[in-house]
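Below are the chains, spelled out letter by letter.
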Amino acid sequence: QVQLVESGGGSVQAGGSLRLSCAVSGYTFSSGCMGWFRQAPGKGREGVASIKYNGRTTYADSVEGRFTISSDNAKNTLYLQMNSLKPEDTAMYYCAADEGSWWRCPITDRYNYWGQGTQVTVSS
């Protein structure tokens, strides 16, 4: 069974940083895609960033230059480094994985495996 468990969320002031982690089991990141998504209260799920197994990344415009997605494939762990956080970044953050062979990993919600989420709250 594929399981994804997020950690690292918390409450920070605007301008601060957080590093989210996603521990993956039952899945080897030797193909396919992984990504980070978020959902703020009253809003739909939004793609944040994705990474292909070969390291190619894709970012939403809203986080470009502030967030960095990375993976430690040997440890099957996904990361999201979040810098210069804004109140608009407040959301539940989810990691996801998929075995698809897309040319560029999407930041839409068409992933097969999902974690339960970790809360990020950014205050002014």
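So, how was this worked out
- Residues numbered from 1 in each chain as written.
- Predicted model: local features only at pLDDT ≥ 70, side-chain atom pairs only at ≥ 80, totals over all residues.
- Heavy atoms only, no water.
- Salt bridge = Lys/Arg side-chain N within 4 Å of Asp/Glu carboxyl O.
- Helix = DSSP H or I, 4+ residues; strand = E, 2+ residues; numbered from the N terminus.
- Buried < 20%, exposed > 50% of the residue type's maximum accessible area, 1.4 Å probe, protein only.
- Pairing = 2+ DSSP bridges.
- Axes fitted to C-alpha atoms, helices over the stretch in contact; angles between N-to-C directions.
- Disulfide = S-S within 2.5 Å.

Draft legend 1. Representation of the pattern of salt bridges within the structure. Evaluation of the coordinates by the stated rule reveals 3 salt bridges. Between Asp 89 and Arg 66 there is a salt bridge, with its nearest N and O atoms 2.8 Å apart. Remark: Arg 66 occurs in the loop between β6 (57–59) and β7 (67–72) and Asp 89 occurs in the loop between β8 (77–82) and β9 (91–98); sequence separation between them is 23 residues. A relative accessible area of 11% means that Arg 66 is categorised as buried. Where salt bridges share partners, they join Arg 38, Glu 46, Arg 66 and Asp 89 into one cluster.

Draft legend 2. Structural view of the sheet that holds β8. Here 4 strands make up an open sheet; going across it, the order is β1-β3-β8-β7 and the pairing antiparallel. Edge strands, defined here as strands with exactly one partner in the open sheet, are β1 (3–7) and β7. Looking at each pair of strands side by side, their axes are set apart by 15 degrees on average, direction ignored. Of the pairings in the sheet, the one linking β7 to β8 comprises 6 bridges and is antiparallel in character. Across the sheet, the residue bridging to Phe 67 is Met 82, located in β8.

Draft legend 3. Focus on the state of the cysteines. Inspection of every chain in the model, using the stated rule, returns 2 disulfides. Here Cys 22 connects covalently by a disulfide to Cys 95, the sulfurs 2.1 Å from one another. With the S-S bond torsion at 60 degrees, the cross-link from Cys 22 to Cys 95 turns out right-handed. With Cys 22 in strand β3 (residues 18–25) and Cys 95 in strand β9, this pair connects stretches of sequence that are 73 residues apart. A residue is classified by how much of its surface remains accessible, and Cys 22, at 0% relative accessible area, is buried. Two residues share a disulfide in this structure: Cys 33 and Cys 105, whose sulfurs sit 1.9 Å from each other. With the S-S bond torsion at -85 degrees, the cross-link from Cys 33 to Cys 105 turns out left-handed. Highlighted residues: Cys 33 in strand β4 (residues 33–39) and Cys 105 in the loop between β9 and β10 (113–114), separated in sequence by 72 residues. Comparing Cys 33 with Cys 105, the two get one shared label, buried. In the chain, the bonded cysteines, numbered by position in the sequence, are linked as 1-3, 2-4.

Draft legend 4. Region of interest: the pairing of strand β5 (residues 46–52). Burial analysis of β5 places 6 of its 7 residues in the buried class, the great majority of the element. Where β4 hands over to β5, the hairpin turn is made up of 6 residues, of which Gly 42 adopts a positive phi near 80 degrees. As defined by bridge partners, β5 adjoins β6 across 3 bridges and the pair is classed as antiparallel. For Ser 50, the partnering residue across the bridge sits in β6 and is Thr 58. Here β5 folds back onto β6, and the loop between the two strands holds 4 residues, one of which, Gly 55, carries a positive phi near 100 degrees.

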